[in-house]
Structures are given as structure tokens and as C-alpha cells.
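# Geometric and topological summary
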Amino acid sequence: MKLHLVFWTAFIALTASACVLTHAAPNDLTIVIEGISRFSVVHAEDAPNSVRIAAKELQHYVEKSTGAKLPIVVGRASALQPFIALGDTQM
């Protein structure tokens, strides 16, 4: 009887989790999926040193936590690819 209760509790918990994950809001921003990202980090050519360091730190910690290494783009960002803009960035 106890094993039966544990099974059904686990089944309900997993089903509820799957429902939450599949019904996420359509505007959720996902930067990395399974270690792969289409995003880049962009900053201006004349960005101050603090912005350049921030870009490298962002790249480092995203890679450390997800396995995806976001490229750093200096200058204009491509409107065709998603990007994270740091500082005064132009498209």
C-alpha cells in the first residue's frame, strides 16, 4: 500500500512538472538550450574598459553555467541574430 502511494505521488508530481514546463509563456527568453545558443554579446568599438570586462565576464559565466560560449561582437550587431547589448550599442 505504501509503495502504491509513493508511486502515485511521484507520478502526479512529474505530470504537474511537465505541464508547467510545456505551458511556459510564449515570451519567455531562453538564451541557451542544451548547451547551444544563437546569442552573442555585443558592445561598441569605443566601449569603456568596464563594458569590455562585463562582456568577458558574461561570456565566462554563461559558459560556466550552461556550456555555451557566447561570441563577443565588437561594433554593430546583426539584426538577424539575437544578441545581448552592453553599453551604447548600435544595430
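Up top is the structure.
Residues numbered from 1 in each chain as written. Predicted model: local features only at pLDDT ≥ 70, side-chain atom pairs only at ≥ 80, totals over all residues. Heavy atoms only, no water.

### Focus on the sheet that holds strand S1 (residues 40-43)
Reading across the sheet, the 3 strands line up as S2-S1-S3 and stay open at both edges, with parallel pairing between neighbours. Every interior strand has two partners, whereas the edge strands, strand S2 (72-74) and strand S3 (83-85), have only one. Across the sheet, the mean angle from the axis of one strand to that of its neighbour is 30°, orientation sign disregarded. As judged from the 3 bridges shared by S1 and S2, these two strands associate in the parallel manner. Residue pairing across strands places Val42 opposite Val73, the latter belonging to S2. Lying over the sheet, helix H2 (residues 49-66) contacts S1, S2 and S3, oriented at roughly 175° with respect to S1. (Pairing = 2+ DSSP bridges. Helix = DSSP H or I, 4+ residues; strand = E, 2+ residues; numbered from the N terminus. Axes fitted to C-alpha atoms, helices over the stretch in contact; angles between N-to-C directions. Contact = heavy atoms within 4.5 Å.)

### Describing the environment of Ile84
On the secondary structure map, Ile84 appears in strand S3. Not counting the four nearest positions on each side in its chain, Ile84 is found in contact with Ile31, Phe39, Ser40, Val41, Val42, Leu58 and Leu70.

### Observations regarding H2
The terminal C-alpha atoms of H2 lie 26 Å apart, and with 18 residues this matches the ideal 26 Å at 1.5 Å per residue to within 8%. All of the buried residues in H2 are Val51, Ala55, Gln59 and Val62. Buried residues of H2 fall within an arc of 85° about the axis and therefore sit on the same side. Exposed residues lying more than 90 degrees from the buried face of H2 are Asn49, Ser50, Lys56, Tyr61, Lys64 and Ser65. Remark: Gly67 follows H2 within two positions and exhibits a positive phi of approximately 90°. (Expected span 1.5 Å × (residues − 1). Buried < 20%, exposed > 50% of the residue type's maximum accessible area, 1.4 Å probe, protein only. Arc of directions from axis to C-beta.)

### Let's talk about the nonpolar core
For soluble globular proteins, the rule of thumb is that nonpolar side chains tend to be buried together. Judged by nonpolar contacts, Val32, Phe39, Val41, Ala47, Val51, Ala55, Val62, Ala68, Leu70 and Leu86 together constitute the single largest core of 10 residues. Counting residues per element, this core draws most heavily on H2, which supplies 3 residues. (Core = buried A, V, L, I, M, F, W, Y, C linked by side-chain atoms within 4.5 Å.)

### Brief notes about the side chain of Gln59
Structurally, the position occupied by Gln59 is in helix H2. A polar contact of 2.7 Å, which involves the side chain of Gln59, links it to the backbone oxygen of Leu70. Excluding anything up to four places from it in sequence, Gln59 contacts Lys69, Leu70, Pro71 and Ile72. (Polar contact = N/O pair within 3.5 Å; in protein donor to acceptor, adjacent residues only side chain to side chain.)

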